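In case you want the letters, here they are:
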Amino acid sequence: MQWDIVIGLEIHVQLATQTKIFSGTSTAYGAEPNTQASAVDLAMPGTLPVPNENAFRYALMFGLAVNAEIGRRSVFERKNYFYPDLPKGYQTTQLDKPIVGPGYVDVDLANGETKRVRIHHAHLEEDAGKSLHEDYHGMTGIDLNRAGTPLIEVVTEPDMNSAEEAVAFARKLHSIVTSLGICDGDMSQGSMRFDVNISLKPKGSDTLGTRTETKNLNSFRFMEQAIAHEVERQMDILEDGGKIEQETRLYNGDRDESRSMRTKEEANDYRYFPCPDLLPIEIDDSFIEDARARLPELPDARKARFKGQYGLNDYDASLLSSDAKLASFFEEAAAHGKDAKLTANWIQGEFSARLKAEEKTVTESPISGAQLGDLVVRIADNTLSSAGAKKVFEALWTGNGDNVDAIIDAKGLKQVSDTGALEAMVDEVLAGMPDQVAQFQNEEDPKKRKKMLGGFMGPLMKASKGQGNPKLFNEILLKKLGG
Amino acid sequence: MTISRENIEKVAVLARIQVDDDQVSALEKDLGNILDLVDQLGAADTDAVEPMAHPLDAIQRLRADEVTETNQREAFQATAPATEDGLYLVPRVIE
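Residues numbered from 1 in each chain as written. Chains lettered and ligands numbered in written order. Predicted model: local features only at pLDDT ≥ 70, side-chain atom pairs only at ≥ 80, totals over all residues.

**Here's the deal with helix α5 (residues 299-310) of chain A**
Residue and element names in this part refer to chain A. Cut-off, in case you're wondering: For the purposes of this entry, the term helix denotes a DSSP run of H or I that reaches at least four residues, the term strand denotes a run of E that reaches at least two, and both are numbered from the N terminus. To estimate how far a helix should extend, the number of its residues minus one is multiplied by 1.5 Å. Residues are called buried when their C-beta atom has 20 or more other C-beta atoms within 10 Å, exposed when it has 12 or fewer, and partly exposed otherwise; all C-beta atoms are positioned from the backbone. Of all possible arcs, the one meant is that of the directions from the helix axis to the C-beta atoms. For every residue pair, C-beta atoms are placed from the backbone, and the pair is scored as a contact if these atoms sit within 7 Å.
Compared with an ideal rise of 1.5 Å per residue, which puts twelve residues at 16 Å, α5 spans 16 Å between its outermost C-alpha atoms and is within 8% of the ideal. Considered for burial, the residues of α5 that qualify are P299, R302, K303 and F306. In a view along the axis of α5, the buried residues occupy a sector of 105 degrees, so they form one face of it. Looking at the buried positions of α5, the neighbouring elements they touch are α2 (163-180), α6 (314-322) and α7 (324-337).

Written out as structure tokens, the structure is:
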């Protein structure tokens with residue numbers, strides 16, 4: 001039987017505010033346990049929450065960026081449940097009157113199509129603390145530094161129909177929030193966490209099947225794997241004539257396994273009610289206009305500009321514009337490197353490969369955009385061969401010099417492009433290889449000739465100590481050999 | 001209005017309150033009375049009334065995003081039953 005896959009996402013986005021949503025406690029990452037947990041965060045009796053204006057500003061900026069209706073009157077609710085990393089016994093969140101109403105995001109797919117994913121709403125809420133289950137004499141350790149960190153939870157409509165679409169949407173959302181600067185986007189530190197709702201229905205059917213929710217996926221790769229895994233699990237059950245149970249599941253990416261966390265019957269009864277500690281929040285026109293004025297260039301606009309300003313093709317423009325930090329690195333490099341296409345190639349090739357190999361982010365790169373641009377200039381003007389360019393790149397990366405021209409001089413990497421000197425070398429090499437020369441001249445097949453031509457390059461590069469310009473060598477060779 | 005034994009047990013679980021069997025019948029009566037009282041509100045016509053989020057007719061003020069709190073861990077942990085490595089220790093919980 002053929003099945004349609006239906007996917008909706010819930011995404012927790014940690015907002016990059018200086019302080020918590022309801023207290024003036026720092027949210028800096030990596031502090032000693034519980035040193036950033038104040039009386040309000042600990043839910044000490046008698047404390048009252050005071051909302052952080054930047055949390056609202058960031059949520060508004062998100063709403064404007066996803067073409068959403070803005071909730072003019074925002075109300076907080078209490079979602080009640082007991083867990084030790086939630087000191088108040090409830091999470092302060094929004095239910096009926098979220099700050100961000102319906103909106104949409106357009107996502108470019110690999111096949112060139114554009115998919116519109118509707119946003120149901122996005123609401124503000126606080127994060128919980130962390131439970132550490134390592135053995136503390138059979139007890140659990142609680143770190144409340146994260147408790148009260150502002151989040152927006154973005155809820156989509158079930159508009160995605162494959163793992164590929166869901167991941168493309170997730171990447172786009174990541175690109176939007178990092179471009180806005182409202183989230184640092186560091187998924188390994190939990191700055192963005194995805195819950196995936198999945199159901200299957202017979203192909204073409206209008207009735208949605210029973211869905212399951214897979215919680216807390218913190219990488220795009222795990223998300224893709226978890227979807228594939230869950231689709232297969234549901235398909236197996238349905239094709240055996242079974243029924244899908246509505247439940248929450250946990251996915252273990254390291255083992256590619258999932259298990260049930262709780263079923264609908266066990267689902268919590270959260271007993272939501274409006275939080276009496278917080279008055280309704282009114283968002284007026286001036287606050288909205290202020291947020292709008294703060295909107296930076298968004299990925300779609302940046303992509304269009306990269307195509308126009310730098311003459312990049314769609315593929316290059318997409319890749320370089322989606323990550324705000326990579327985009328500004330590219331722009332810095334292109335400003336120095338002049339040749340935008342060559343700059344783009346180096347960023348997507350050598351540079352990205354090296355970042356990936358060393359698990360570094362763009363901001364951790366030991367090479368600046370300006371340095372890469374200077375390198376590109378020397379490749380474009382033929383000072384460097386591609387082998388020489390890689391040596392300069394290596395030197396910059398490992399900190400053996402910070403000036404491209406100085407490295408070229410110090411390492412003697414300047415390509416010889418003096419035709420007189422190169423011609424002399426060609427004459428000498430050809431004189432020493434009479435058999436190969438004759439063979440070449442008797443060969444008719446252009447493919448074989450090309451291959452034989454390559455046979456002269458090795459000795460030529462050796463004769464020039466690797467510094468001869470291969471393009472010029474090639475031209476001279478053809479001339480001398482009567483090619 | 002009556003409340004079932006089952007519901008009393010469920011509410012007790014949600015509220016993490018231990019209710020012994022011999023307390024349940026008294027609770028059935030007491031909670032039933034409270035529900036009757038609340039039920040009288042149902043007689044009011046509220047069709048045209050917007051649900052109220054807060055009894056005060058006021059708007060929440062927002063605070064600037066500036067750090068105002070300092071580290072008071074030692075003071076807070078002085079009253080905690082068990083701590084280690086800066087963590088609060090609680091009976092083991094695994095979901």
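Now, onward.
**Structural notes on the packing of α7(A) against helix α8 (residues 340-357) of chain A**
All names here are of chain A. This is how it is decided: In this analysis an axis means a line fitted to C-alpha atoms, helices contributing only their contacting stretch, and an angle means the value between N-to-C directions, from 0 to 180 degrees. Oblique is the label for every angle not falling under 35 degrees (roughly parallel), over 145 degrees (roughly antiparallel), or within 65 to 115 degrees (roughly perpendicular). The sense of a crossing depends on the near helix, which, turned anticlockwise from the far helix by less than a right angle, makes the crossing left-handed and, turned clockwise, makes it right-handed. Gly falls in the polar group here, along with every residue not listed as nonpolar (Ala, Val, Leu, Ile, Met, Phe, Trp, Tyr, Cys, Pro) or charged (Asp, Glu, Lys, Arg).
Orientation of α7 relative to α8, taken along the N-to-C sense of each, is 135 degrees, at an axis distance of 9 Å. The angle between α7 and α8 falls in the class oblique. Between α7 and α8 lies a crossing of right-handed hand. The segment α7 lies against α8, with F330, A333, A334 and G337 engaging A340, L342, T343, A344 and I347. Taken together, the residues of the contact of α7 with α8 sort by class into seven nonpolar, two polar and no charged.

**With respect to the pairing of strand β12 (residues 247-252) of chain A**
Residues and elements named next belong to chain A. Defined as follows: The pairing criterion is simple: DSSP has to find at least two bridges between the two strands. With its strands directed away from the observer, a crossover is right-handed exactly when the path from the first strand over the helix to the second travels clockwise.
Bridging between strand β11 (residues 212-217) and β12 involves four bridges; their strand directions are parallel. By the bridge assignment for β12, K215 is matched with L250. With helix α3 (residues 220-239) bridging β11 and the parallel β12, this β-α-β connection has left-handed handedness. Sheet topology note: the β12/strand β13 (residues 257-263) ladder contains six bridges and is antiparallel. Along β13, the bridge assignment pairs T248 with R262. Counted along the chain from β12 to the antiparallel partner β13, the turn is four residues long, and its residue D256 has a positive phi close to 50 degrees.

**Remarks on the domain arrangement of chain A**
How big an interface is tends to be stated in terms of the accessible area lost upon association of its parts. Our working rule: Source of the domain bounds: an automatic or database domain assignment.
On domain assignment, one finds that chain A holds domain 1 (3-290), domain 2 (297-411) and domain 3 (419-481). Its C-alpha centre places domain 2 of chain A at a distance of 33 Å from the equivalent point of domain 3 of chain A.

**Section: the sheet that holds strand β14 (residues 273-274) of chain A**
Residues and elements named next belong to chain A. Spatial ordering of the open sheet is given by β4-β3-β14, a layout of three strands whose pairing is antiparallel. Two strands lie at the open edges of the sheet, namely β4 (90-93) and β14, each paired on one side alone. In this sheet, β4 lies alongside strand β3 (residues 77-80) in antiparallel orientation, the contact comprising four bridges. Bridge assignment links E77 to a residue of β4, and that residue is T93.

**With respect to the sheet that holds strand β8 (residues 139-143) of chain A**
Spatially, the four strands line up as an open sheet ordered β7(A)-β8(A)-β2(B)-β1(B), and their pairing is antiparallel. Among the strands making up the open sheet, the edge pair consists of β7 (130-136) of chain A together with β1 (83-84) of chain B. Relative to strand β2 (residues 87-91) of chain B, β8(A) is paired through four bridges, and the arrangement is antiparallel. Residue pairing in the sheet places G141(A) in a bridge with L89(B) of β2(B).

**Observations concerning helix α12 (residues 419-431) of chain A**
All names here are of chain A. Between its first and last C-alpha, α12 extends 18 Å over 13 residues, near the 18 Å set by a 1.5 Å rise per residue. Along α12, the residues that are buried comprise L422, V426 and V429. Burial along α12 is one-sided: seen end-on, the buried residues are contained in an arc of 70 degrees. Residues of α12 that are exposed and point over 90 degrees away from its buried face: G420, D427, E428 and A431. Taken together, the buried residues of α12 touch α14 (446-463) and α15 (470-481).

**A look at the nonpolar core**
All names here are of chain A. For the record, the criterion: For the purposes of this analysis, a nonpolar core is taken to be any set of buried Ala, Val, Leu, Ile, Met, Phe, Trp, Tyr and Cys residues that are connected through C-beta atoms within 7 Å.
Among the nonpolar cores identified, the biggest contains 54 residues, and A59, F62, A166 and V196 are the most heavily contacted of them. Listing elements by their share of this core, those giving two or more residues are β1 (3-14), α1 (53-65), β5 (103-108), β6 (114-126), β9 (150-156), α2, β10 (192-202) and α3. Excluding residues within four positions of it along the chain, F62 makes contact with V100, A122, I152, V177, L180 and I182. Formed by 30 residues, the second largest nonpolar core is a distinct cluster that contains F330, A340, L384 and V392.

**Things to note about the interface of chain B and chain A**
Each side of the interface is counted separately: chain B has 33 residues, and chain A has 41 residues. Of all the elements in the fold, those that place two or more residues in the side of chain B that touches chain A are α3 (73-77) and β2 of chain B. Ranked by the residues each element gives to the side of chain B that touches chain A, the list is headed by β2(B), at five residues. The residue inventory of the side of chain B that touches chain A, partitioned by class, reads 17 nonpolar, six polar and ten charged.

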